[in-house]
Amino acid sequence: MELQFDSEKKSLSLFFQGDLSSNNVIEKIEPIEDTLKRIRGMSEKWCSLKINLIQTKLIDSTGLNLIISLIKFAKSLDAEIEILVSSIHVDRVLKKINFLGKEIKVRKVGNPH
């Protein structure tokens, strides 16, 4: 996972390489939590969250919980949310979840596998 926080643009980008499953989500949580704590402590408005799942082909319930937590956090700060996917399976899972409203952009890009 690659995490980039741009304090000037008030933007957080997360690039996940590979699947999000119970086998690997735990190791990703600590650096994400540290960054979210820094963001929450900022006095200015946070603007955007971009979650790049282009290399993710599978999300299990643990991985989905991580994504949901990130979305809830961003929504609590009125940030724009964009999720990039390439897998048709990941796209379907995200679009079936109730909390994905108009304010969350899920964009399908690249290879349709």
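These remarks concern the structure in this document. (Residues numbered from 1 in each chain as written. Predicted model: local features only at pLDDT ≥ 70, side-chain atom pairs only at ≥ 80, totals over all residues. Heavy atoms only, no water.)

1. Observations regarding the nonpolar core
- In terms of nonpolar packing, the biggest core is built from 31 residues, with F16, W46, L49, L53 and I83 touching the most fellow members.
- Contributing elements (two or more residues each) for this core: β2 (11-15), α1 (26-40), β3 (48-53), α2 (61-76), β4 (80-85), α3 (88-96) and β5 (104-108).
- Take this core: its biggest share by element is eight residues, from α2.
- What L53 contacts, discounting residues up to four positions off in sequence, is F16, L20, I59, I67, I83, L84, V85, S86, V90 and L94. (Core = buried A, V, L, I, M, F, W, Y, C linked by side-chain atoms within 4.5 Å. Buried < 20%, exposed > 50% of the residue type's maximum accessible area, 1.4 Å probe, protein only. Helix = DSSP H or I, 4+ residues; strand = E, 2+ residues; numbered from the N terminus. Contact = heavy atoms within 4.5 Å.)

2. Quick notes on the environment of V93
- Along the polypeptide, V93 turns up in helix α3.
- Note on V93: relative accessible area 33%, which makes it partly exposed.
- Each C-alpha atom, one on V93 and one on D60, is 9.7 Å from the other, the two residues being 33 residues apart in sequence.

3. A closer look at the pairing of strand β1 (residues 2-6)
- Where β1 and β2 come together, five bridges link them in antiparallel fashion. Residue pairing in the sheet places L3 in a bridge with L14 of β2.
- Hairpin connection of β1 to β2: four residues between the antiparallel strands, including K10 at a positive phi of 55°. (Pairing = 2+ DSSP bridges.)

4. Brief notes about the pattern of salt bridges
- Applying the stated criterion across every chain yields a total of three salt bridges.
- The shortest N-O distance in the salt bridge between K95 and D91 comes to 3.5 Å. Here D91 and K95 lie together in helix α3, a separation of four residues that amounts to about one turn.
- Judged by its relative accessible area of 9%, D91 is buried. (Salt bridge = Lys/Arg side-chain N within 4 Å of Asp/Glu carboxyl O.)

5. Observations regarding α2
- Here α2 contains 16 residues, and its C-alpha end-to-end distance of 22 Å stays within 8% of the 22 Å for a straight helix at 1.5 Å per residue.
- By the burial criterion, the buried members of α2 are G63, L64, L66, I67, I68, L70, I71, F73 and A74.
- Close packing links the buried residues of α2 with β2, α1, β3, β4, α3 and β5.
- Where α2 begins, the side chain of D60 points an oxygen toward the backbone nitrogen of T62, at a separation of 3.0 Å.
- Downstream of α2 by a residue or two, D78 has a phi angle that is positive, lying close to 55°. (Expected span 1.5 Å × (residues − 1). Polar contact = N/O pair within 3.5 Å; in protein donor to acceptor, adjacent residues only side chain to side chain.)

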